[in-house]
Amino acid sequence: MPPNLPAYLLLALVAASAGAGARRPPLPAANSTASGDPVYLWPLPKSVSSGSQTLTVDPDLALDPQGPGGGSAAVAEAFERYRKLVFAPWAHHARKEDGGYDLAKLTVVVASANETLQLGVDESYTIYVGATGGANSIVGGATIEANTIYGAIHGLETFSQLCIFNYDTKNVEVRHAPWHIQDEPRFSFRGLLLDTSRHYLPVDVIKQVIDSMSFAKLVPSYPNLWKGSYSKWERYTVEDAHDIVKGNGYPKLWPSPTCTEPLDVSSNFTFEVISGILSDMRKIFPFGLFHLGGDEVYTGWPISLVTKTGCWNVTPHVRQWLDERNMTTKDAYKYFVLKAQELAIKLNWIPVNWEETFNSFKENLNPLTVVHNWLGPGVCPKVVAKGFRCIMSNQGVWYLDHLDVPWEDFYTSEPLAGISNKDQQKLVLGGEIAFMARVIYDSFFRLVF
């Protein structure tokens, strides 16, 4: 049987942080089982109780779907995906002839058949696992109860982590039963940023990343989401990505052939293209948030044309446009961001912008703006104090290319640090890990996949 992947993911993070030395802080107190062993569940659920029994799991574990959403194809597909992770390919052939397994079926009860995925969707779930006649017992199996399919999928992830392979008996076991687990995300927004514009990643690697996100319950692993595109003729392909990366699709977006960033703020065509992209994305994706960027925009006089800094100032027609409007390049930066926000809001997107926009012109941002922190700590308290919502990606603790940061710092970093007001705490939507450098692909994926 392959090693338990969530635990393997944890080992990879530990390996990546090797060499951090004495700066590692002590681990926080962890929940323990009834026998005093740690609870090896990642992330640690909201509420856990356990016992001292060991239950065997049938290699032919059956799914018993119940409730309006229990029969969802997404639940069935997730069940099969996790069953393949838990059991080795040969497990069925090694099945005991007389049966005699403690857990022969997994009942999944889903209260709603609504599969709409949006910010704030209910992702809570409850798990009961017990032997027949025991406390919290479920005859013939275990039960996951959830209000939505997304909670059910998270519950399947947690159940898979309870299943441990016994190398002596060749059985999959649930130890420390009976289990009663109640869980829900602490924050509604959890994400992983792939910086594919500066660090190209092959499509198969991106798919592996998306699948692995379900191990940490960041997002549900939904392999068929691509099938829900606007139409089967309107999907992004690898060729599309190559064309975008080469940047040759619409050179008129550039201020000039030698100045390719920022985009030409003086051209109506720039905003026509942005509007078209936003409109197409709105047809494909039902989600409420759209990230408009706005970070690392160089607006000053050029240091070097090689670094493409200060292009607006050295491009004659853009310089003329600025002079006619009595605008500085910083004014143009604000104009660009606010114009893009306006286009997004007209299409019912909620704009997300990097913290530079807040730092530069917070008083002009649309009230709907979600500010995305990345430069360092102490930003979200300032953001929520002004009534904006905030997403944390503090690079000191949540950028995976910072290999000197031990995994404990990743796990224990507090998004609400410095925010004591309860109403302001509600404005912190959550956080996003940033996957920024190829070194992660070289060291991390060779370990995990």
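Residues numbered from 1 in each chain as written. Predicted model: local features only at pLDDT ≥ 70, side-chain atom pairs only at ≥ 80, totals over all residues. Heavy atoms only, no water.

Chemist: Teacher, can you tell me more about the overall build of the protein chain here?
Modeler: For the protein chain, the count of helices and strands is 15 helices and 14 strands. For the protein chain, with 449 residues in total, the buried portion stands at 44%. Partitioning the contacts of the protein chain with sequence separation of at least 6, the portion at a separation of at least 24 is 70%. Carbon and sulfur atoms form 56% of the exposed surface of the protein chain, whose accessible area is close to 22500 Å². (Helix = DSSP H or I, 4+ residues; strand = E, 2+ residues; numbered from the N terminus. Buried < 20%, exposed > 50% of the residue type's maximum accessible area, 1.4 Å probe, protein only. Contact = heavy atoms within 4.5 Å. Areas by Shrake-Rupley, 256 points an atom, 1.4 Å probe, with all protein chains shown as cover.)

Chemist: Teacher, can you tell me more about the pattern of salt bridges here?
Modeler: Where charged atoms from two side chains of opposite charge come close, those side chains can pair. A full pass over the atoms with the stated rule returns nine salt bridges. Between Arg186 and Glu414 there is a salt bridge, with its nearest N and O atoms 3.0 Å apart. In this pair, Arg186 is assigned in the loop between β8 (179-183) and β9 (189-194) and Glu414 in the loop between α13 (407-412) and α14 (422-425), connecting sequence segments 228 residues apart. (Salt bridge = Lys/Arg side-chain N within 4 Å of Asp/Glu carboxyl O.)

Chemist: Would you take a moment to explain the sheet that holds strand β12 (residues 370-373) for this structure?
Modeler: Taken together, the six strands give an open sheet; going across it, the order is β9-β14-β13-β12-β11-β10, and neighbouring strands pair in parallel fashion. Each having just a single partner strand, β9 and β10 (289-293) make up the two edges of the open sheet. Looking at each pair of strands side by side, their axes are set apart by 30° on average, direction ignored. (Pairing = 2+ DSSP bridges. Axes fitted to C-alpha atoms, helices over the stretch in contact; angles between N-to-C directions.)

Chemist: Would you explain empty space enclosed by the protein in this entry?
Modeler: In this approach, a probe sized like a water molecule rolls over the atoms, and the result shows the empty space that is left. All chains considered together, the criterion is met by two cavities of 30 Å³ or more. Of the volumes computed, that of the second largest cavity is approximately 70 Å³. The wall of the second largest cavity is formed by Leu61, Phe79, Tyr82, Arg83, Val86, Phe87, Leu106, Leu156, Phe159, Ser160 and Cys163. Those elements giving two or more residues to the lining of the second largest cavity turn out to be α2 (73-86) and α3 (149-162). With four residues, α2 is the largest single contributor of residues to the lining of the second largest cavity. Its residues placed into classes, the lining of the second largest cavity shows nine nonpolar, one polar and one charged. (1 Å grid on protein atoms, 1.4 Å probe; cavity = no way out; pocket = protein on both sides within 12 Å on 5 of 7 lines; lining within 4 Å. Points joined across faces, edges and corners; volume = space filled by probe spheres on them. Nonpolar A, V, L, I, M, F, W, Y, C, P; charged D, E, K, R; others polar.)

Chemist: Sorry if this is basic, but what is going on with the UniProt feature "active site" (unreviewed entry) in the protein chain here?
Modeler: Within the UniProt annotation, "active site" (unreviewed entry) is assigned to Glu296. Looking at the element boundaries, Glu296 is found in the loop between β10 and α7 (311-314). (UniProt positions renumbered as here; feature names shortened; annotations may be inferred.)

Chemist: Hey, could you run me through the pairing of strand β11 (residues 350-354) in this one?
Modeler: The side chains of a regular strand alternate between the sheet's two faces. Counting buried positions along β11 gives four out of five residues, so the element sits mostly inside the fold. Two strands pair when backbone bridges link them, and β11 and β12 are joined in this way by three bridges, in the parallel orientation. Looking at the pairing, Val352 lines up with Val370 of β12. Handedness of the β11-helix α10 (residues 355-361)-β12 crossover: right-handed. (Right-handed = clockwise from strand over helix to strand, strands pointing away.)

Chemist: When you look at the packing of helix α6 (residues 268-284) against helix α9 (residues 329-346) in this model, what are you seeing that I'm missing?
Modeler: The description of two packed helices rests on the angle between their axes and on the distance between the axes. One way to put it is that α6 packs onto α9 with a least axis distance of 10 Å and a crossing angle of 35°. As α6 packs across α9, the resulting crossing turns out to be right-handed. Along the contact surface, α6 presents Thr270, Phe271, Ile274, Ser275 and Leu278, while α9 presents Tyr335, Phe336, Lys339, Ala340, Leu343 and Ala344. Classifying every residue of the contact of α6 with α9 by side-chain character gives eight nonpolar, two polar and one charged. (Left-handed = near helix turned anticlockwise from the far one by under 90°.)

Chemist: Hey, could you run me through the nonpolar core in this one?
Modeler: Generally speaking, soluble globular proteins have nonpolar side chains that are buried together. Residues Leu192, Val265, Leu278, Trp312, Leu322 and Val383 are the most contacted members of the largest nonpolar core, which totals 46 residues. With six residues, α9 is the single largest residue contributor to this core. Discounting chain neighbours no more than four positions away, the residues touching Val383 are Phe358, Val371, Phe388, Arg389 and Cys390. With 38 residues, the next largest nonpolar core counts Ala91, Ala146, Phe159 and Ala177 among its residues. (Core = buried A, V, L, I, M, F, W, Y, C linked by side-chain atoms within 4.5 Å.)

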